[in-house]
Amino acid sequence: MAKMGSLCDFVGPPLTGEVTTGLIDDAPRYCDRSDLFDEVQPFAIYLRDYPQVTVTSDMLATRDSARTVGGRDLFLPVEDSAFKRILSVWRERGFVDAIRAASNEDPQRITRVLHWTVTKLKWTFDAIERTISRGEGIPTSRYESVADIATTRDWATAPIRCLCWHPHCARLAVATKDDRIRVFSKGTSGVAILRHSAQKSVCSVSWRPNAGRELAAACQTGVLIWTVELGVASNSLSHALLLRQRNHSPVTNVAWHPQGDLLISCSPADMNMLVWDVSREICVPFKRIGGNGLCFARWSPCGSRLFSATSRAIFRVWNTGKGTAWDAEKWKVPNGRVADACFGPHLTLLFTSTEDPATVFSLPLQENIFDVKDTIVPSGIKIAVPLIDLSRVYFPTVDGEISVGGRIVAMDWDPSGKYLAIIFRDSPVVVLYRTRAIIGSRITDVSPGCIIKGFSDEVPDCMQFYQNYDPDVNSICLTIAWSSGRVQHFPIVFSSQRVTSRSMHSTTVRFGSSNLQDISLHNYSLSH
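The structure reproduced in this document is the subject of the present report. Along each chain, numbering runs from 1 in the same order as the chain's sequence is written. pLDDT decides what is reported in this predicted model: residues at 70 or higher carry local features, side-chain atom pairs at 80 or more are listed and counted, and totals for whole chains, interfaces and linings draw on all residues regardless. Calculated side-chain values reflect all of the structure's heavy atoms, with hydrogen atoms and water omitted.

In DSSP terms, a helix is any run of H or I states spanning at least four residues, a strand is any run of E spanning at least two, and both are numbered starting from the N terminus. Tallying secondary structure elements over the chain gives 8 helices and 32 strands in all. Split into buried and exposed, the 528 residues of the chain put 53% on the buried side. Throughout, a contact is declared for two residues whenever any of their heavy atoms are within 4.5 Å. Contacts in the chain between residues at least 24 apart in sequence constitute 54% of all its contacts with a sequence separation of at least 6. Residue burial is assigned from relative accessible area. The probe radius is 1.4 Å, only protein chains are included, and a residue is buried under 20% of its type maximum, exposed over 50%, and partly exposed in between.

Looking at where Ala-158 falls in the secondary structure, it is placed in the loop between helix 6 (143-149) and strand 4 (160-165). Residue class for Ala-158 comes out buried when judged on its relative accessible area of 2%. Sequence separation between Ala-158 and Ser-483 is 325 residues, and the spatial gap between their C-alpha atoms is 5.9 Å. Those residues within four positions of Ala-158 in sequence are excluded, and the remaining contacts are Thr-152, Lys-177 and Asp-461.

Another point: the side chain of Ser-6. Mapped onto the secondary structure, Ser-6 falls in strand 1 (residues 5-6). N or O atoms within 3.5 Å of each other form a polar contact, as long as, within protein, one can give a hydrogen and the other can take it, and as long as residues adjacent in sequence are counted only when both atoms are side-chain atoms. Among the polar contacts listed, one links the side chain of Ser-6 to the backbone nitrogen of Cys-8, at a separation of 3.2 Å. Excluding anything up to four places from it in sequence, Ser-6 contacts Asp-389 and Tyr-433.

We call a pair of cysteine sulfur atoms a disulfide whenever their separation is within 2.5 Å. Enumeration over the complete set of coordinates arrives at 0 disulfides. No disulfide involves Cys-164; its sulfur sits 8.2 Å from the nearest other cysteine sulfur, which is in Cys-162. Classification of Cys-164 by relative accessible area gives buried; the value is 7%.

Moving on: the sheet that holds strand 28 (residues 429-437). Read from one edge of the open sheet, 4 strands run 26-27-28-29, paired in antiparallel fashion. At either end of the open sheet lies a strand with only one pairing partner, and these are strand 26 (408-413) and strand 29 (444-453). The average undirected angle you get between the axes of adjacent strands in this sheet is 20°. Only when DSSP finds a minimum of two bridges between them are two strands counted as paired. Across 5 bridges, the pairing between strand 27 (residues 419-424) and strand 28 is antiparallel. Bridge assignment links Ile-423 to a residue of strand 28, and that residue is Val-430. Helix axes are fitted only over the stretch in contact, all axes being lines through C-alpha atoms; the angle between N-to-C directions runs from 0 to 180 degrees.

Of note, the bond from Ser-249 into Pro-250 is cis; its omega dihedral lies within 30 degrees of zero at 0°. Mapped onto the fold, Pro-250 is located in the loop between strand 11 (239-243) and strand 12 (253-256). Of note, the phi angle at Asn-210 is positive, near 60°, even though the residue is not glycine. Relative to the elements of secondary structure, Asn-210 occurs in the loop between strand 8 (204-207) and strand 9 (214-218). A relative accessible area of 53% places Asn-210 in the exposed class. The backbone phi angle of Glu-281 is positive, close to 60°, even though this residue is not glycine.

Our next topic: the packing of aromatic side chains. To pair, rings of Phe, Tyr and Trp, with the six-membered ring standing in for Trp, must have centres within 6.5 Å; the planes then decide the type, stacked if under 30 degrees apart, edge-to-face if over 60, and tilted in the middle. One pass over the full model with this rule turns up 12 aromatic pairs. When the centroid spacing of 4.9 Å and the interplanar angle of 85° are considered together, the rings of Trp-165 and Tyr-466 count as edge-to-face. Taken together, the residues Trp-165 in strand 4 and Tyr-466 in the loop between strand 30 (460-465) and strand 31 (475-482) connect sequence positions 301 residues apart. For the pair formed by Trp-165 and Tyr-466, the shared burial category is buried. Between Phe-315 and Trp-331, the ring centres sit 6.3 Å apart and the planes meet at 10°, which makes this aromatic pair stacked. Here Trp-331 lies in strand 19 (residues 327-332) and Phe-315 lies in strand 18 (residues 314-319), a separation of 16 residues in the sequence. Both residues of the pair, Phe-315 and Trp-331, count as buried. Among the aromatic side chains, those forming a connected cluster through ring pairs are Phe-296, Phe-307, Phe-315, Trp-331, Phe-351 and Phe-361. Charges are assigned to positions over rings by a cutoff of 6 Å between ring centre and Lys NZ or Arg CZ, combined with an angular limit of 35 degrees from the ring normal. One residue, Arg-33, lies across the ring of Phe-455, its end atom 3.8 Å from the ring centre. Positioned above the aromatic ring of Trp-155, the side-chain terminus of Arg-161 is 3.9 Å from the ring centre.

What follows concerns the sheet that holds strand 9. Pairing between the strands of a sheet is mediated by backbone hydrogen bonds and can be parallel or antiparallel. Pairing is antiparallel in the open sheet, where 4 strands are placed in the order 8-9-10-11. The open sheet has two free edges, formed respectively by strand 8 and strand 11, since each of these has just one partner strand. Averaged over all pairs of adjacent strands, the angle between their axes in this sheet comes to 20°, without regard to strand direction. Note that strand 8 and strand 9 share 4 bridges and pair antiparallel. The partner of Ser-204 across the bridge, within strand 9, is Ala-218.

Here we come to the pattern of salt bridges. Close approach of charged atoms lets side chains of opposite charge pair. Salt bridge criterion: a side-chain nitrogen from Lys or Arg within 4 Å of a carboxyl oxygen from Asp or Glu. In the structure shown here, the tally under the stated rule is 16 salt bridges. Where Asp-340 meets Arg-298, a salt bridge forms, and the shortest distance between an N and an O atom there is 3.0 Å. Here Asp-340 is found in strand 20 (residues 338-343), whereas its partner Arg-298 is found in strand 16 (residues 294-299), with 42 residues between them in sequence. With a relative accessible area of 3%, Asp-340 lands in the buried category. Of the charged contacts in the structure, one is a salt bridge between Asp-356 and Arg-392, with a shortest N-O distance of 2.9 Å. One end of the pair, Asp-356, is in the loop between strand 21 (348-353) and strand 22 (358-364); the other, Arg-392, is in the loop between strand 23 (385-390) and strand 24 (393-397), and 36 residues separate them in sequence.

Residue placement: Thr-176 occurs in strand 5 (residues 171-176). Under the relative-accessibility criterion, Thr-176 is labelled buried at 2%. Taking the C-alpha atoms as reference points, Thr-176 and Val-55, 121 residues apart in sequence, are found 8.5 Å from one another. Side-chain polar atoms of Thr-176 contact the side chain of Arg-182, separated by 2.8 Å.

Right under this line is the structure:
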């Protein structure tokens, strides 16, 4: 059995105030603040193909100035009657919100009897929601619930809340605290800034594969589908479609199928996982008993598996291939809930829970696993294997010492399956592991890479590997958003002698809009 990885195997960061700028030929490179943008630095040559990203506090608008100016702002306000306002809320947001709006009206405007009735109903609805929230373990009516679910270290205060690379080109979407999404693209002048009145509390964005300019954003009230126009006039030409379903908010995650046909959205307030056909603006709900609301979902690179994490210990792995009805395998983590998960080569899944200290588990999902020595379990049985022990360790620094380890906030596996990056709740660094997923084996090899350290006043908030991986290029890029607003492209360069052109031997499964109808027909025949 392979040795379990540990943070004790790492070499600590330097005792000086230098930052980690790259991993070149297995050796971490460092420099100080004055040399960070020097083109003669050895890491600079590997960053020329990526757009330069700058987010400063001056760029972040206040909440009042960040809202979109719509048609209603161009005309003088008209005083509507109380009943007309309540009816408008009922049409736009449903019966429960209409009751709440009526309870806030002046009793003289809607009669005292009606005001007394709607006030009692409001108290009843509030009591039911509080009971449901306590049962789920993660409150959904409070602002802090999104901050706990989002794969961002300090979501409520971070200047950059999430980022996402386009799967086919050097185009980066950055969601900021002022409820705007900025799109940086290599070779394009200017930055597209996306604003919408419904774009509040963004905690997940995802580019649509095989569609260069479509971007999905998970928001407080639903899912925004942006068609992004790049260039000088991008801010006025970009437009958005709002997808919204009753009782499906806040939306905390969106994930496109690798072919770009279907979109998954998740909400901790809803036990249904919604599968959207965006072109037709319809969705099919997938509901399973146990686990309460859903926090996030992840597709495998081939699209034949879908991971969904609930707000409790339960998570599911859906089999979405073979042209049949979707079915799910139900699993549980030992403690807490799943904090993050990611797929790698050969249908290998890595996941970790919210416990402290955390453990990264490896779950091979490929069929017909053949183990000659039968070292773990009988052949054909799937089991999650503890891969990395992330108990805290302490390293000395120029300011004393830093703690590395504990509860995980975010975890990302690069598309080639060579490196795994981890951000912790209480550590000011990013930990980088070397990995190797072996086809036909239940074991994923791990070894220490390096510890990525920022400046003394910075902590990592979120990250993602560059997605358009080319096996003929001997480098990988990890993009990190730091708490100062600095966005760092961290190059990982390996010598040409070690470069291999391993490809993922998997069959691509296509899903079209007709397949969504098949899902609907088979939905109620799936086992709970």
